[in-house]
Amino acid sequence: MQKNKGKKIIVIKNLLYSVSANIISMLVSAVLLILLPNLLGETEYGYWQLYLCYTSYVGFFHFGIVDGIYLRIGGEEYNKLDRNLYASQFCVLTFFEIILATVIAIFASIYIPNVNKIHVIVLTCICMVIYIANNYMTYILQATNRIKPYAIVVMAEKMVFALYVGVCWVCKVKSFEVIAIGDIWGKVFAMAIALIYCKNIIFCRILSLKQTLSEMLVNLSIGSKLVLANVASMLITGIVRLAIENYWSIEVFGKISLAMSISNMLMVFVNAVSVVVFPMLKRMEEEKLGETYEKIRDFLMIVLLGTLIFYYPAKVILTMLLPAYAESMRYMALMFPVCVFDCKISLLANTYLKALRKEKDILLINLFSVLISVITTIITVYVIHSLELAVVSIVVILAIKCGIAEMLLAKNMKISVYKDMLIEIVFVAAFIVTSWYLNNWIATIIYGGMYIIYLFWKKDKALGAFIGEELQKKSDI
């Protein structure tokens with residue numbers, strides 16, 4: 001009993017650390033979403049969003065080595081790791097990334113005619129080296145349940161960048177390159193702190209190159225499926241976004257990206273929880289996974305579907321703060337439901353599939369989703385020429401991806417989620433239709449009424465899962 005109580009306290013502490021760090025991250029992101037569009041102007045902001053789009057892919061250039069380490073050591077004790085082995089891999093990986101980044105930057109400078117895009121790619125290459133080095137250490141901290149140091153690293157990066165942007169705002173800096181340099185400095189500062197926390201597995205004796213490469217190949221073979229799955233996952237939305245930039249303009253791309261950034265802010269909380277959930281699931285008995293899944297799912301969907309209500313006041317407030325981006329706020333009606341499926345995939349589907357070591361299934365699901373994304377992008381952008389349908393296609397594809405993943409998990413864990421999935425799709429469809437076609441307040445009343453009915457339907461399951469269990473424990477005592 002005492003041992004279980006101790007474990008619960010550790011989980012709660014880790015969750016608080018992770019959520020606190022990510023709340024600060026979200027608040028900084030929220031402030032930047034308001035400041036940067038007004039500071040930079042439409043064209044410069046479009047290139048800033050392009051930089052963010054490109055840098056979102058840099059984590060995949062470790063080709064699965066970091067993911068392989070994460071999967072292999074998930075749930076292990078930090079102090080029991082082979083320090084020399086991880087120090088050696090860190091050095092080799094970082095040296096490789098420097099060479100790769102240099103080659104990409106040179107090719108971009110030679111073959112790309114647009115000077116601003118060259119600047120975006122060169123800055124992305126610099127970011128790649130720093131990000132992957134930092135990512136290597138933070139993944140080890142997460143996998144070994146050292147959540148407090150991980151949280152401090154996350155907060156440090158965001159706070160430094162926020163201060164830098166504040167100075168740029170005061171000095172009226174209107175260059176996306178200068179803002180991107182600030183993002184890089186934030187990552188450099190975070191990496192320095194990560195190096196302090198991981199100094200005993202980074203600054204130690206280096207093994208032979210042969211031994212290091214042998215271990216890296218093992219991690220590569222394990223993590224490559226996951227990194228390919230993650231690349232495919234990013235491409236689901238990335239293909240649509242890049243097609244919009246290619247067919248329309250950098251300004252339209254910036255506006256759609258702004259709507260997507262606002263819609264994805266809830267992912268901050270979900271990522272905070274998933275960081276804690278993964279090592280916990282790795283240590284859990286397999287027969288308990290299904291029951292835990294249903295409890296987390298019920299609670300998560302109440303939160304996610306309820307979060308859609310915040311679209312209505314957010315649209316009014318952000319339209320006043322960013323009048324030049326009023327069109328972006330309108331597209332939020334189509335983009336907001338992305339967070340429902342994205343959060344469910346990130347916290348539930350992917351976390352459980354990783355814990356069950358089903359990286360191959362994650363890869364196949366994502367590859368299938370990318371195929372659908374390519375087809376729908378060609379039709380909506382290049383055949384029909386509809387920006388609205390292109391944006392809606394992102395929600396539809398993520399809904400399909402989420403549905404396939406959940407059905408696979410339901411089969412594996414012998415649980416039923418089909419009724420819940422259908423109801424959630426109805427809610428998302430109702431939200432999109434009412435928000436796009438109806439007056440803001442009428443849409444609020446309709447969706448709010450539907451949500452209240454949903455709460456009454458779910459109250460027994462949700463409360464039973466979290467309160468009833470505690471009452472049962474007390475009655476047993």
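Just so it is clear, the structure is predicted and the values come from calculations on it, not from any experiment. (Residues numbered from 1 in each chain as written. Predicted model: local features only at pLDDT ≥ 70, side-chain atom pairs only at ≥ 80, totals over all residues. Heavy atoms only, no water.)

## A word on the overall build of the protein chain
Working step 1: Scanning the protein chain for helices and strands turns up 19 helices and 0 strands.
Working step 2: When each of the 477 residues of the protein chain is scored for burial, the buried share is 52%.
Working step 3: Considering only contacts in the protein chain between residues 6 or more positions apart, those separated by 24 or more positions represent 87%. (Helix = DSSP H or I, 4+ residues; strand = E, 2+ residues; numbered from the N terminus. Buried < 20%, exposed > 50% of the residue type's maximum accessible area, 1.4 Å probe, protein only. Contact = heavy atoms within 4.5 Å.)

## Things to note about helix H3 (residues 65-73)
Working step 1: With respect to burial, H3 is a largely interior element, 8 of its 9 residues being buried.
Working step 2: Within the span of H3, buried status applies to Ile65, Val66, Asp67, Gly68, Ile69, Tyr70, Leu71 and Ile73.

## Let's talk about the packing of aromatic side chains
Working step 1: For the structure shown, the criterion picks out 21 aromatic pairs.
Working step 2: Ring centres of tyrosine 247 and tryptophan 248 lie 4.8 Å apart, and the angle between their planes is 80 degrees; on these two criteria the pair is classed as edge-to-face.
Working step 3: Given a relative accessible area of 34%, tyrosine 247 falls into the partly exposed group.
Working step 4: Taking the relative accessible area as the measure of exposure, tryptophan 248 reaches 28% and is therefore partly exposed.
Working step 5: An angle of 25 degrees between the planes, with centres 6.4 Å apart, marks the rings of tyrosine 451 and tyrosine 454 as stacked. Of this pair, tyrosine 451 and tyrosine 454 both sit in helix H19 (residues 440-476), 3 residues apart, which is roughly one turn of that helix.
Working step 6: For tyrosine 451, a relative accessible area of 11% translates into the label buried.
Working step 7: Site record: aromatic cluster; members linked through ring pairs are Tyr311, Tyr312, Phe336, Phe427, Phe431, Tyr447, Tyr451, Tyr454 and Trp457.
Working step 8: Between lysine 172 and the ring centre of tryptophan 169, over which it is positioned, the NZ or CZ distance is 5.1 Å. (Phe/Tyr/Trp six-rings, centres within 6.5 Å; stacked < 30°, edge-to-face > 60°. Lys NZ or Arg CZ within 6 Å of the ring centre and 35° of its normal.)

## Some points on helix H5 (residues 115-143)
Working step 1: In this model, H5 (29 residues) spans 41 Å end to end at C-alpha, consistent with the 42 Å of a helix rising 1.5 Å per residue.
Working step 2: Of all 29 residues making up H5, 21 are buried, and the element is well covered by its neighbours.
Working step 3: Positive backbone phi, approximately 65 degrees, marks asparagine 145, located one or two places after H5. (Expected span 1.5 Å × (residues − 1).)

## Observations concerning the packing of H3 against H5
Working step 1: In the contact formed by H3 and H5, the axes pass within 9 Å of each other and the chain directions differ by 15 degrees. Comparing the axis directions of H3 and H5 gives the class roughly parallel. Crossing hand, H3 versus H5: right-handed. Packed against H3, whose contacting residues are Val66, Asp67, Ile69, Tyr70 and Ile73, the element H5 presents Asn135, Tyr136, Tyr139, Ile140, Gln142 and Ala143 at the interface.
Working step 2: Partitioning the contact of H3 with H5 into residue classes produces 8 nonpolar, 2 polar and 1 charged. (Axes fitted to C-alpha atoms, helices over the stretch in contact; angles between N-to-C directions. Parallel < 35°, antiparallel > 145°, perpendicular 65-115°, else oblique. Left-handed = near helix turned anticlockwise from the far one by under 90°. Nonpolar A, V, L, I, M, F, W, Y, C, P; charged D, E, K, R; others polar.)

## Regarding the pattern of salt bridges
Working step 1: Taken as a whole and judged by the stated rule, the model has 7 salt bridges.
Working step 2: One salt bridge connects lysine 344 with glutamate 406, and the closest N-O pair in it is separated by 3.0 Å. With a gap of 62 residues between them, lysine 344 in helix H15 (residues 338-355) and glutamate 406 in helix H17 (residues 387-413) connect regions that are remote in the sequence.
Working step 3: Note on lysine 344: relative accessible area 3%, which makes it buried.
Working step 4: Residue glutamate 406 is classed as buried on the basis of its relative accessible area of 1%.
Working step 5: Taken together, the salt bridges that share partners define one network made up of Arg297, Lys344, Glu406 and Glu424. (Salt bridge = Lys/Arg side-chain N within 4 Å of Asp/Glu carboxyl O.)

## What about the environment of serine 328?
Working step 1: Looking at the secondary structure, you find serine 328 in helix H14 (residues 326-335).
Working step 2: Serine 328 sits in the buried class, given a relative accessible area of 0%.
Working step 3: Sequence-wise, serine 328 and leucine 318 are 10 residues apart; in three dimensions their C-alpha atoms are separated by 9.6 Å.
Working step 4: Not counting residues up to four positions away in its chain, the partners in contact with serine 328 are Lys255, Ile256, Leu258 and Ala259.

## Notes on the nonpolar core
Working step 1: Residues Leu36, Trp48, Tyr136, Met137, Ile140, Leu305 and Met332 are the most contacted members of the largest nonpolar core, which totals 146 residues.
Working step 2: If one sorts the elements of this core by residue count, H5 sits on top with 15 residues. (Core = buried A, V, L, I, M, F, W, Y, C linked by side-chain atoms within 4.5 Å.)

## Topic: the packing of H5 against helix H6 (residues 147-170)
Working step 1: One can describe the packing of H5 onto H6 by two numbers: an axis separation of 8 Å at closest approach and a directional angle of 145 degrees. Where H5 crosses over H6, the two elements pack in a sense that is left-handed. Residue-level contacts link Asn134, Thr138, Leu141 and Gln142 of H5 to Ile147, Pro149, Tyr150, Val153 and Glu157 of H6.

## So, unusual backbone geometry
Working step 1: If you check the backbone angles, lysine 172 has positive phi at about 55 degrees while not being a glycine.
Working step 2: As for its placement among the helices and strands, lysine 172 is situated in the loop between H6 and helix H7 (176-197).
Working step 3: Despite not being glycine, histidine 385 shows a phi value in the positive range, around 60 degrees.
Working step 4: Classification of histidine 385 by relative accessible area gives partly exposed; the value is 41%.

## Side note on the side chain of threonine 124
Working step 1: Its location among the elements puts threonine 124 in helix H5.
Working step 2: Overall, the relative accessible area of 9% leaves threonine 124 in the buried class.
Working step 3: A polar atom in the side chain of threonine 124 sits 2.6 Å from the backbone oxygen of valine 120.
Working step 4: What threonine 124 contacts, discounting residues up to four positions off in sequence, is Tyr51, Tyr54, Thr55 and Val58. (Polar contact = N/O pair within 3.5 Å; in protein donor to acceptor, adjacent residues only side chain to side chain.)

## Quick notes on the environment of leucine 304
Working step 1: With respect to the helices and strands, the residue leucine 304 is situated in helix H12 (residues 289-307).
Working step 2: Judged by relative accessible area, leucine 304 falls into the buried class, the value being 1%.
Working step 3: In this structure, the C-alpha to C-alpha distance between leucine 304 and valine 340, residues 36 residues apart in sequence, is 5.6 Å.

## A closer look at the confidence of the model for the protein chain
Working step 1: In the predicted model, the protein chain carries a mean pLDDT of 81, and 86% of its residues have values of at least 70.
Working step 2: The element-level mean pLDDT for the protein chain is lowest in helix H11 (residues 267-282), coming to 59, with H7 highest at 93.
Working step 3: Low pLDDT, under 50, characterises residues 465-477; the stretch is placed with 9 contacts to residues that sit more than four places away or in other chains. (pLDDT = per-residue confidence, 0-100.)

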